[in-house]
Number of protein chains: 2
Amino acid sequence: MAEDLSGYAGSALEALRGAGARPGDRIRIRRDGEAYEGVLIPRPGFGDPESIIVKLPNGYNIGIRAKPGIEVEVLERGERPGYRRAPIPPLGEGLPRIALLGTGGTIASRVDYRTGAVEPALSAEDLYAAVPELSGIARVEADVLFSEFSENLEARHWREMAIGAAKRLESGAEGVVIAHGTDTMGYSAAALSFALRGLPAPVILVGAQRSSDRPSSDAATNLIGAAIFASRGPFAEVAVAMHEGVSDGPIAAHRGTRVRKCHTSRRDAFKSINSQPLARCDVRSGRIEMLVEDYRRRGEGSLEVRPDFDERALLLKYYPSMDPSIVDWAVDEGYRGIVFEGTGLGHVSKKFSGPIRRAVEEGVVVCMASQCLWGRVNMNVYSTGRDLLAAGAIPLGDMLPETALVKLMWALGQTGDPGEVRAIMAANLAGEMSGRTLYWG
Amino acid sequence: MAEDLSGYAGSALEALRGAGARPGDRIRIRRDGEAYEGVLIPRPGFGDPESIIVKLPNGYNIGIRAKPGIEVEVLERGERPGYRRAPIPPLGEGLPRIALLGTGGTIASRVDYRTGAVEPALSAEDLYAAVPELSGIARVEADVLFSEFSENLEARHWREMAIGAAKRLESGAEGVVIAHGTDTMGYSAAALSFALRGLPAPVILVGAQRSSDRPSSDAATNLIGAAIFASRGPFAEVAVAMHEGVSDGPIAAHRGTRVRKCHTSRRDAFKSINSQPLARCDVRSGRIEMLVEDYRRRGEGSLEVRPDFDERALLLKYYPSMDPSIVDWAVDEGYRGIVFEGTGLGHVSKKFSGPIRRAVEEGVVVCMASQCLWGRVNMNVYSTGRDLLAAGAIPLGDMLPETALVKLMWALGQTGDPGEVRAIMAANLAGEMSGRTLYWG
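Residues numbered from 1 in each chain as written. Chains lettered and ligands numbered in written order. Predicted model: local features only at pLDDT ≥ 70, side-chain atom pairs only at ≥ 80, totals over all residues.

### Some details on the interface of chain B and chain A
Next, step 1: Taken together, the contact between chain B and chain A spans 62 residues of the former and 63 residues of the latter.
Next, step 2: Elements that contribute at least two residues to the side of chain B that touches chain A include exactly strand 4 (61-65), strand 8 (118-120), strand 20 (313-317), helix 8 (383-391) and helix 9 (401-414) of chain B.
Next, step 3: Along the lines of polarity and charge, the residues of the side of chain B that touches chain A split into 26 nonpolar, 22 polar and 14 charged. (Contact = placed C-beta atoms within 7 Å. Helix = DSSP H or I, 4+ residues; strand = E, 2+ residues; numbered from the N terminus. Nonpolar A, V, L, I, M, F, W, Y, C, P; charged D, E, K, R; others polar.)

Written out as structure tokens, the structure is:
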């Protein structure tokens with residue numbers, strides 16, 4: 001029994017042992033005159049070891065902190081909860097064909113009750129099996145590209161995703177869904193936006209903030225939304241599909257170059273910055289509502305994959321007392337480009353003018369975005385900005401710094417000529433930058 | 001005349017020359033069947049040189065783009081607009097005494113019509129003269145500490161501000177207002193929050209998103225709000241006073257450790273992250289409304305200034321394909337601390353575990369905040385986070401990465417013992433971190 005209760009400690013462990021309770025049992029807990037009934041859940045390795053976790057009849061888990069006087073009673077013996085493979089539902093005939101590519105992350109992971117941590121576990125096939133609603137939306141062809149938490153992803157994974165998505169579209173898929181960890185999903189979405197030129201159909205990245213075997217998981221609804229966008233969305237762009245709000249409401253599709261993870265844990269963590277989301281959809285009715293007018297239409301253009309990225313680009317967030325010698329180090333180290341997250345309209349200390357000038361002279365492409373995130377850089381307003389422009393820094397308008405870094409890696413992967421890289425950075429290729437607005441008024 | 005019209009070009013210059021118009025003249029412009037009347041403004045060096053700028057009777061400036069067929073007519077000769085020193089109003093008797101310290105920035109700057117750029121120009125004395133309403137709120141004693149755009153500020157300026165504010169409070173001021181450039185005002189506010197221990201009265205930083213000689217400037221209302229908070233606010237904390245919304249509504253006071261500039265140009269650019277603002281005030285009635293309950297009360301404690309910061313701290317924002325050798329470089333370069341802006345709940349690639357472990361072994365303090373900005377790091381959920389914790393990284397809860405960097409510089413300035421620095425980083429000293437919430441549910 002002791003093994004079953006591992007993770008629990010102190011008065012929680014004592015109360016559970018006293019009652020002979022085992023994970024999976026339906027139990028009643030009395031504390032402070034209140035009673036809670038539910039299924040005892042194995043204690044995860046994180047959180048308070050003196051909180052007893054029960055799954056309530058409504059499907060939610062709550063933690064009840066044990067304290068002197070707490071009473072636990074076993075109502076019914078149950079089977080220890082664990083992960084089970086669900087049967088694959090039959091594929092619908094006559095439905096649009098989409099590809100589902102697994103890459104890892106929470107959406108394809110589960111809590112390991114042994115270690116208490118969340119580990120990548122589900123294959124794309126498993127995911128599909130776990131969300132039977134998909135069989136009514138599209139004929140899904142699932143594949144695992146790789147299985148990695150998204151914080152470990154690199155430019156070579158962007159390459160693999162771009163080539164993988166293109167291959168599926170070329171062989172007739174009407175859209176692609178990529179299951180991805182949320183941590184770097186914004187970066188991958190930007191990377192695919194640049195790598196997949198002339199896209200004829202939607203490529204939708206989707207993740208989950210809670211793993212799919214937990215009752216409050218957003219995995220299933222996000223995935224259903226992604227499948228709706230991929231199979232029937234009128235836009236042919238790379239987008240991220242996640243909950244628009246905290247409730248069980250619509251799923252938003254955010255343009256790949258404009259999206260950012262803005263909360264560590266909320267299901268509506270992903271936001272479009274300096275633009276509206278592309279679209280939203282209702283997962284029950286399947287209805288898609290476009291929120292912008294200037295989007296790339298499905299079926300237009302012919303696909304060209306440009307999956308090369310050069311990783312010798314550095315993102316530097318400026319802060320007071322930052323030592324400018326980091327720029328010299330980057331030049332000496334062989335970096336070919338630097339994106340600054342400057343302050344305000346696009347500023348760094350005047351001490352950086354010299355090192356930036358030297359970097360530009362040595363062929364390093366130096367760009368300026370803003371750590372404000374919202375708004376646009378305008379380096380013509382203050383003398384500091386004018387000096388930086390004179391030193392050769394490229395202002396990036398309202399482009400997100402994260403998107404700017406990815407775009408710079410991509411531009412450096414396309415050409416060895418710094419002049420061409422500069423021209424690529426200053427142009428709007430995938431909705432990453434909007435037309436100049438006059439700073440005035 | 002040509003000199004007066006410098007900055008204008010093309011058909012704008014042609015139309016103005018044709019009419020014999022000079023800056024300061026009241027003119028009428030006809031274009032596309034519409035007429036605009038106002039005072040011709042010297043063309044700033046930025047923006048579209050073919051747009052004619054006129055100040056409308058309502059005080060706003062508009063740009064009218066010249067095109068073929070545009071007509072300009074001089075209605076009345078006027079004086080070229082320029083900056084004039086306003087007379088200082090008499091000081092109110094019996095009002096609370098506050099100190100106003102000038103440091104530079106837009107709030108103390110004006111557009112230089114010669115170069116077209118905004119330059120630091122007004123002294124704190126000038127500012128006070130320019131906002132006569134202040135004389136009804138407090139007896140203001142104005143001083144200039146230094147005059148610098150905030151992107152050039154460093155830890156030594158934080159030191160100077162802390163000592164300057166403490167000196168005024170010790171000599172009887174009932175509050176301090178610091179006029180500051182907006183770019184790094186959040187960093188300075190955090191720095192003063194740590195440097196001024198046992199603060200007995202409010203220290204309010206205030207800035208402007210538009211310089212004070214421009215009609216849409218927010219300088220005057222922000223300054224009035226700051227003076228109200230400094231003279232009568234019930235809280236004894238370091239705060240930033242700026243417009244709460246885009247309209248001419250209330251001024252918010254944001255806690256110094258929780259505030260961030262979140263837009264490049266809007267007047268409501270400053271936001272409290274992971275907390276409510278401390279308070280808001282109505283500049284007309286002078287009424288202050290507290291928005292939180294857990295604030296430090298005015299008059300409590302005795303002031304202790306700890307103005308030492310050690311600049312050997314590095315802020316690194318993580319991104320995919322980031323080369324971990326930057327950590328080794330920082331250790332070799334003599335950095336004593338690193339704040340990572342990790343992804344999601346506080347992650348970086350597994351490739352960083354080795355370099356982080358080495359850094360910690362060599363006495364470098366490594367902390368983890370989240371680039372999401374909203375939410376809190378929780379490194380117990382995923383195996384990546386657990387590995388980083390094992391390597392010695394300190395999780396910073398819901399602390400802003402910018403505040404974390406400033407706090408690390410301050411902690412390094414207080415002690416040479418990495419163990420003590422780690423303890424300082426993990427404690428909540430100035431509202432920078434809120435109590436742990438269980439990641440569950």
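### Notes on the pairing of strand 6 (residues 97-102) of chain A
In summary, the side chains of a regular strand alternate between the two faces of the sheet.
All names here are of chain A.
Next, step 1: Most of strand 6 sits inside the fold, with five of its six residues counted as buried.
Next, step 2: Two strands pair when backbone bridges link them, and strand 6 and strand 9 (residues 139-144) are joined in this way by six bridges, in the parallel orientation. When the sheet's bridge partners are listed, A99 is paired in strand 9 with E141. (Buried ≥ 20, exposed ≤ 12 C-beta atoms within 10 Å, placed from the backbone. Pairing = 2+ DSSP bridges.)

### Some points on the sheet that holds strand 20 (residues 313-317) of chain A
All names here are of chain A.
Next, step 1: Judged by pairing direction, the sheet is parallel, and its four strands sit side by side in the order 20-21-22-23 without closing on themselves. Either end of the sheet is taken by a strand with one partner, and the two such strands are strand 20 and strand 23 (394-395).
Next, step 2: Here two bridges tie strand 22 (residues 365-370) to strand 23, and the two strands are oriented parallel to one another. Considered in strand 23, the bridge of M368 is made with P395.

### Concerning the packing of helix 6 (residues 325-333) of chain B against helix 7 (residues 353-361) of chain B
Residues and elements named next belong to chain B.
Next, step 1: Where helix 6 contacts helix 7, the two axes come as close as 8 Å, and the packing angle between them is 15°. Looking at the two axes, helix 6 sits roughly parallel to helix 7. The element helix 6 and its partner helix 7 pack so that their crossing is left-handed. Of the residues in helix 7, those touching helix 6 at V327, D328 and V331 are P355, I356, R358 and A359.
Next, step 2: In terms of residue class, the contact of helix 6 with helix 7 is made up of five nonpolar, no polar and two charged. (Axes fitted to C-alpha atoms, helices over the stretch in contact; angles between N-to-C directions. Parallel < 35°, antiparallel > 145°, perpendicular 65-115°, else oblique. Left-handed = near helix turned anticlockwise from the far one by under 90°.)

### What to know about the relation of the copies chain B and chain A
Next, step 1: Under the fitted operation, chain B is carried onto chain A by 0.1 Å of movement along the axis and a turn of 180°, and the coordinates agree to an RMSD of 0.2 Å. What the rotation and shift describe, once combined, is the action of a two-fold rotation axis.
Next, step 2: A shared interface surface links the copies, since 98% of the contact residues of chain B are contact residues in chain A too. (Least-squares fit on C-alpha atoms with pLDDT ≥ 70 in both.)

### Here we look at the packing of helix 7 of chain B against helix 8 of chain B
Residue and element names in this part refer to chain B.
Next, step 1: For the pair helix 7 and helix 8, the least separation of the axes is 8 Å and the interaxial angle reads 25°. Overall, the two elements helix 7 and helix 8 adopt an arrangement that is roughly parallel. Relative to helix 8, helix 7 is oriented so that their crossing is right-handed. Residue-level contacts link S353, I356, R357 and V360 of helix 7 to D387, L388 and A391 of helix 8.

### Thoughts on unusual backbone geometry
Next, step 1: Of note, N274 of chain A is a non-glycine position whose phi angle comes to about 60°, a positive value.
Next, step 2: Assignment of secondary structure puts N274 of chain A in the loop between strand 16 (270-272) and strand 17 (279-281).

### A look at the sheet that holds strand 17 (residues 279-281) of chain B
Sheet strands line up and pair through hydrogen bonds in the backbone, either parallel or antiparallel.
Residues and elements named next belong to chain B.
Next, step 1: Strand order in the open sheet made by the eight strands is 9-6-10-12-13-14-17-18, with mixed pairing throughout. One side of each edge strand has no neighbouring strand; the edge strands of this open sheet are strand 9 (139-144) and strand 18 (288-290). Strand-to-strand, the axes of this sheet are offset by a mean angle of 25°, without reference to chain direction.
Next, step 2: The pairing of strand 12 (residues 203-206) with strand 13 (residues 238-243) spans four bridges and is classified as parallel. Bridge pairing in strand 13 links L205 to V240.

### With respect to helix 7 of chain B
Residues and elements named next belong to chain B.
Next, step 1: When helix 7 is considered as a whole, its buried residues turn out to be P355, I356 and A359. All buried residues of helix 7 fall inside an arc of 100° around its axis, so they share one side.
Next, step 2: Lining the buried residues of helix 7 we find helix 6, strand 21 (337-342), strand 22 (365-370) and helix 8.
Next, step 3: A positive backbone phi angle near 90° is found at G363, which sits one or two residues after helix 7. (Arc of directions from axis to C-beta.)

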